[in-house]
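# Topology and contacts: notes
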Amino acid sequence: MGILHSYLFRSVFSMTCLVLLVLIALGAFIEFLSQIEQIGTGGYDLFIAAQYVLLKLPRLAFGILPVSILIGALIGLGVLASNSELIVFRAAGVSLWRMANSLAITGLTIAIIGGAIGELIAPKLDLYARQIRAEAMHGGNADLNGSNAWIRDGNTFFNIQPIVDDLDRGGVYSFEIDFPNAISSMGRADSIQADGDDWTLVGMIESTFVGDKILNEGDVNVEQFRKLGDLLSISIVRESNMTAIELYRYIQYLESNDLNSGKYIIAFWSRMANLVGIVVMCILALPFLFGNLRSSGAGARTMVGILIGLGYFLMNRTLADSAAVFNLYPLFVAWMPTILLTAVTFLLLARLR
């Protein structure tokens, strides 16, 4: 069993690493192209854009790991099938389930490595990438501490205290300075609401100092927020910037305060389901290699892997986007694609017995 496991592990692991490198390079190129039109905004130059892309690579690698291991397993095992080595294993008395067990161990090893990168490294680097991008584009006028953000727009300073909703951001304070040492106005808004690229302060109460008098106004529309979307976005709580432990604790906080935690529950359990999906994807390659793809070339196997991986990804996204609309149960949304994938995998294995 040790020799068989080692042999299958080397074949699948090496090809998975190769496929992952190719897909990461492709993803990094696409991400870099998306940044080109932003280069030249403020201090955002080519070097910072390259830094931004590189810092986001761990998150990208973790996201494409399921499809990478499926393609890697299809190609790696396909080489063994082309050389009739898998047939030799069967002739020597090795059952499909025994090979599936070896592939499950291989997938579990890769899932542990990928999970460590995705949970311990990727969230912090992703947050840092967005911070350096926003700071460069807006001239370093934002003090981004995670809990709030200070933003300067000319002589006006804004302090934004984030809350949990992506569209409503509360606790917004504004200070307009009449340099060198006078404050010309002060204000506070209940929240900021987004409408496309426009940002509006809701419930704004502003005190304007004119000589010895104070003028009060309400519901002020602040057009300066039109171009501050990037800075505001990094002051919000984003599930992609949180480790699984932090995400779990945040869910507990939301539920203890009777706040909506649905999308965060989906994000948490989707991560757990994707780790299981990595193991299942590795096993899924086996029935294909003993079935219709046994005599097919590497190109056909790669295409099958891409189609299955794309279908798995689209199902995940469709269910996640439909959760709020149709009020779907978060655990159902998070686990359904992986459960269906597991059922199909074991059904195909059972038919080959």
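The following refers to the structure shown. Computed from a prediction, not measured in an experiment: that's the story for all the values here.

## A few points about helix α7 (residues 244-256)
When the terminal C-alpha atoms of α7 are compared, their 18 Å separation across 13 residues agrees well with the 18 Å that a helix rising 1.5 Å per residue should span. As for α7, its buried residues are in contact with α5 (96-137) and α8 (262-290). Once α7 ends, the next one or two residues include Asp258, with phi positive near 55°.

## Concerning the pattern of salt bridges
Following the criterion strictly, the structure yields 4 salt bridges and no others. For Arg271, the salt bridge identified is with Glu119, shortest N-O distance 3.0 Å. On the criterion of sequence distance, the pair formed by Arg271 in helix α8 and Glu119 in helix α5 is long-range, its members being 152 residues apart. Neither Arg271 nor Glu119 differs from the other in exposure class; each is buried. Between Asp126 and Arg130 there is a salt bridge, with the nearest N and O atoms lying 3.9 Å from each other. Highlighted residues: Asp126 and Arg130, both in helix α5, separated by 4 residues, approximately one helical turn. The class for Asp126 is buried, based on a relative accessible area of 3%. Residue classification places Arg130 among the buried positions, given a relative accessible area of 9%. Through salt bridges with shared partners, a single ionic network connects Lys56, Asp126 and Arg130.

Analysis parameters
- Residues numbered from 1 in each chain as written.
- Predicted model: local features only at pLDDT ≥ 70, side-chain atom pairs only at ≥ 80, totals over all residues.
- Heavy atoms only, no water.
- Helix = DSSP H or I, 4+ residues; strand = E, 2+ residues; numbered from the N terminus.
- Expected span 1.5 Å × (residues − 1).
- Contact = heavy atoms within 4.5 Å.
- Salt bridge = Lys/Arg side-chain N within 4 Å of Asp/Glu carboxyl O.
- Buried < 20%, exposed > 50% of the residue type's maximum accessible area, 1.4 Å probe, protein only.

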